[in-house]
Amino acid sequence: MAELLAGEKVLIAEDHELYRDGLKLLFEEINPETRIYLAGNFPEALTILLREPDITLVMLDIRMPGTQDLDGLKEIRSRFPTLIIIVVSTLDFDTSTRQMIDAGANGFIAKSTPKQSMKRAIAEVLDGNIVIESEREGTDFIDLSQQQLATLRYLAEGLSNKEIASRLGVSPLTAKEYVSKVIERLDAANRTQAVLIAQKHGLLIDHLM
């Protein structure tokens, strides 16, 4: 399996200091000569990436100050198409991890993953594999379109059909149809239940309890 070479650069973008320091120690064990950069929020992470374009790998917690939902991951992937990105998160849901991979992550590692398993997963991603290191098994996967996900996020914010229509740039009648479709797709009885079901399945990354 591939390993980080001496002098290769890694960015750890994580707002929790203890976990950030833990990842730093992990990479120092993998190769003491790895050059490690630390960021506690998304703007700081982006600044480092722009300043150090030869960074090999980013360990990214998507729930950081300065970004929402998958926007930070998508922006990094858009700006740095060849960069290796591994999401490290507590959002260990089958649905949300697939969204992360679809948004451009090369891998996902749950924060509860044991150290040796995490090292192995990092090596596999460096080898060019898409890796999902999850503690959950057999979770149900609910696939929603981007339009339906946007509608769902607005439902979670408590917006009315009229407000959703304004945000999506459609008529109130069309917005009502979108909301009905989302409720039906989640097999829910109403808007509130749809949001609760979505939270359970990891569909609402910024609205998980």
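Basis of the calculations
- Per chain, residue numbering runs from 1 following the sequence as it is written.
- Since the coordinates come from a predicted model, pLDDT governs what is reported: local features require at least 70, and pairs of side-chain atoms require 80 or more to be given and counted, while whole-chain, interface and lining totals use all residues.
- As a convention, hydrogens and water are excluded, and side-chain values are obtained from all of the structure's heavy atoms.
- Throughout this description, the term salt bridge denotes a Lys or Arg side-chain nitrogen within 4 Å of a carboxyl oxygen of Asp or Glu.
- Summary of the burial criterion: residues with accessible area below 20% of their type's maximum are buried, those above 50% are exposed, and those between are partly exposed, where the area comes from a 1.4 Å probe applied to protein chains only.
- Lining residues are defined by having an atom within 4 Å of a point belonging to a cavity or pocket. Those points lie on a 1 Å grid over the protein atoms alone, cavities being sets where a 1.4 Å probe fits but cannot get out and pockets being open sets with protein on both sides within 12 Å along at least five of seven lines.
- Grid points are joined across faces, edges and corners, and a volume is the space filled by probe spheres set on the points.
- Here the term charged refers only to Asp, Glu, Lys and Arg, the term nonpolar to Ala, Val, Leu, Ile, Met, Phe, Trp, Tyr, Cys and Pro, and the term polar to all other amino acids, Gly among them.
- Note on aromatic contacts: the rings of Phe and Tyr and the six-membered ring of Trp form a pair at centre separations within 6.5 Å, being stacked when their planes are under 30 degrees apart, edge-to-face when over 60 apart, and tilted otherwise.
- Counted as over-ring charges are cases with an Arg CZ or a Lys NZ within 6 Å of the ring centre that also lie within 35 degrees of the ring normal.
- Throughout this description, the term nonpolar core refers to a set of buried Ala, Val, Leu, Ile, Met, Phe, Trp, Tyr and Cys residues connected via side-chain atoms within 4.5 Å.
- The secondary structure listing takes helices from DSSP runs of H or I that are at least 4 residues long and strands from runs of E that are at least 2 residues long, numbered from the N terminus.
- Note on contacts: a residue pair qualifies if any of its non-hydrogen atoms lie within 4.5 Å across the two residues.
- Axis lines are fitted to C-alpha atoms, over the contacting stretch for helices. Their N-to-C directions set the angle, which ranges from 0 to 180 degrees.
- In what follows, roughly perpendicular refers to angles from 65 to 115 degrees, roughly parallel to angles under 35, roughly antiparallel to angles over 145, and oblique to any angle outside these ranges.
- In short, DSSP must find at least two bridges between two strands for them to pair.
- Definition of a polar contact: a pair of N or O atoms within 3.5 Å, with one able to donate and the other able to accept a hydrogen when the atoms are protein atoms, and with sequence-neighbouring residues admitted only if both atoms are side-chain atoms.

### Quick notes on the pattern of salt bridges
For the structure on display, the rule yields 11 salt bridges. A salt bridge links arginine 51 to glutamate 52, with the shortest nitrogen-to-oxygen separation between them at 3.5 Å. For glutamate 52, a relative accessible area of 14% puts it in the buried group. Salt bridges sharing partners connect three or more residues here, namely Lys9, Arg51, Glu52 and Asp54.

### Topic: empty space enclosed by the protein
Take a probe with the size of a water molecule and roll it over the atoms, and the empty space left behind shows itself. With the rule as written, the count across this model stands at 1 cavity of 30 Å³ or more. Quantified by volume, the largest cavity comes out at close to 40 Å³. Phe42, Leu60, Asp61, Ile62, Met64, Thr67, Asp69, Gly72 and Leu73 are the residues that line the largest cavity. Classifying every residue of the lining of the largest cavity gives 5 nonpolar, 2 polar and 2 charged.

### Some words on the packing of aromatic side chains
Overall, the coordinates contain 0 aromatic pairs when judged by the stated rule. Between the NZ or CZ atom of lysine 111 and the centre of the ring of tyrosine 19, over which it lies, the distance is 4.8 Å.

### Let's talk about the nonpolar core
Counting 27 residues, the largest nonpolar core has Leu11, Leu60, Leu73 and Met100 as its most contacted members. The set of elements that each furnish at least two residues to this core consists of strand 1 (9-13), strand 2 (35-39), helix 2 (42-51), strand 3 (57-60), helix 3 (71-79), strand 4 (84-89) and strand 5 (107-110). The dominant element in this core, judged by the number of residues it contributes, is helix 2, at 5 residues. Those residues in contact with leucine 11 that lie beyond four places of it in its chain are Tyr37, Leu38, Ala39, Ala45, Ile48, Leu49, Ile55, Leu57, Val58 and Met59. Listed in part, the 21 residues of the second largest apolar core include Leu155, Ala165, Ala175 and Ala188.

### Considerations on the packing of helix 6 (residues 146-156) against helix 8 (residues 172-185)
Angle between the axes and distance between the axes: these two values describe a pair of packed helices. Where helix 6 contacts helix 8, the two axes come as close as 9 Å, and the packing angle between them is 95°. Of the possible angle classes, the one that applies to helix 6 and helix 8 is roughly perpendicular. Residue-level contacts link Gln147, Gln148, Thr151, Leu152 and Leu155 of helix 6 to Tyr178, Val179, Lys181 and Val182 of helix 8. Residues of the contact of helix 6 with helix 8, tallied by class, amount to 5 nonpolar, 3 polar and 1 charged.

### What to know about the sheet that holds strand 5
Strand order in the open sheet formed by 6 strands is 2-1-3-4-5-6, and the pairing between neighbours is parallel. Both outer strands of the open sheet, strand 2 and strand 6 (131-133), are each paired with one neighbouring strand and no more. If you compare each strand with its neighbour and ignore which way they point, the axes differ by 20° on average. Taken together, the 3 bridges between strand 5 and strand 6 define a ladder with parallel strand orientation. What sits directly across from glycine 107, in strand 6, is valine 131.

### Concerning the environment of glutamine 148
Looking at where glutamine 148 falls in the secondary structure, it is placed in helix 6. When the C-alpha positions of glutamine 148 and tyrosine 178 are compared, they lie 6.8 Å apart, and in sequence the two are 30 residues distant. Not counting the four nearest positions on each side in its chain, glutamine 148 is found in contact with Lys181 and Val182.

### Re helix 9 (residues 191-200)
For helix 9, every residue scored as buried is listed here: Ala194, Val195, Ile197, Ala198 and Gln199. Structurally, helix 9 contributes buried residues whose contacts are with helix 6 and helix 8. Measuring from the backbone nitrogen of threonine 192 back to the side-chain oxygen at the start of helix 9 gives 3.2 Å, which picks out asparagine 190 as the cap. Glycine 202 sits one or two residues past helix 9 and shows a positive phi near 75°.

The analysis is restricted to geometry; functional conclusions fall outside its scope.
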